[in-house]
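# Results of the structural survey
In case you want the letters, here they are:
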Amino acid sequence: MTISNTGTGDVDPAVRQELDRLRESIDNIDAAVVHMLAERFKCTQQVGRLKAVHQLPPADPAREARQIERLRSLAENAKLDPAFAEKFLNFIIAEVIRHHESIAEDAAGGQPASAG
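Residues numbered from 1 in each chain as written. Predicted model: local features only at pLDDT ≥ 70, side-chain atom pairs only at ≥ 80, totals over all residues. Heavy atoms only, no water.

## Observations regarding the pattern of salt bridges
In this structure the tally under the stated criterion is 4 salt bridges. The salt bridge partner of Arg72 is Glu86, with a shortest N-O separation of 2.6 Å. Here Arg72, found in helix α2 (residues 61–77), pairs with Glu86, found in helix α3 (residues 82–107); they are 14 residues apart in sequence, far enough to count as distant. Residue classification places Glu86 among the partly exposed residues on the basis of a relative accessible area of 24%. For the salt bridge of Glu95 with Arg98, the shortest nitrogen-to-oxygen distance reads 2.4 Å. (Salt bridge = Lys/Arg side-chain N within 4 Å of Asp/Glu carboxyl O. Helix = DSSP H or I, 4+ residues; strand = E, 2+ residues; numbered from the N terminus. Buried < 20%, exposed > 50% of the residue type's maximum accessible area, 1.4 Å probe, protein only.)

Set out below in structure tokens:
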């Protein structure tokens, strides 16, 4: 039984042990998420370089829409809020586009890439 809800009070050792176990799992998952995002961004950087070399636009709205729908479906199947999943993917997409724009600008010799 928890004696204090301040986070600093005495907690039943069994509760503390379970809390620590769950937090360790959360920490491991967070580490895996970071590593997965790093791998994802390595791939998207390659995509950005390929787009820059072939003068393709940094953004691909049709693909982005398909990816959002796909992720929403995956989220629903995983019992994760699809709106949260969409917000998360939109954040990642915005960062990827920013990277692609930077890569295209560098490839063009410092000139901003044309919208297209």
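## Overview of α3
When the terminal C-alpha atoms of α3 are compared, their 37 Å separation across 26 residues agrees well with the 38 Å that a helix rising 1.5 Å per residue should span. Listed as buried for α3 are Pro82, Ala85, Leu89, Ile92, Ile93, Val96, Ile97, His99, His100, Ile103 and Ala104. Residues of α3 that are buried sit in contact with α1 (13–53) and α2. The N-cap residue of α3 is Asp81: its side-chain oxygen and the backbone nitrogen of Ala83 are 3.0 Å apart. Phi for Gly109, located one or two positions after α3, is positive at around 80°. (Expected span 1.5 Å × (residues − 1). Contact = heavy atoms within 4.5 Å. Polar contact = N/O pair within 3.5 Å; in protein donor to acceptor, adjacent residues only side chain to side chain.)

## Some words on the side chain of Thr44
Topologically, Thr44 is positioned in helix α1. Under the relative-accessibility criterion, Thr44 is labelled buried at 11%. Not counting residues within four places of it along the chain, the set of residues in contact with Thr44 comprises Val96 and His100.

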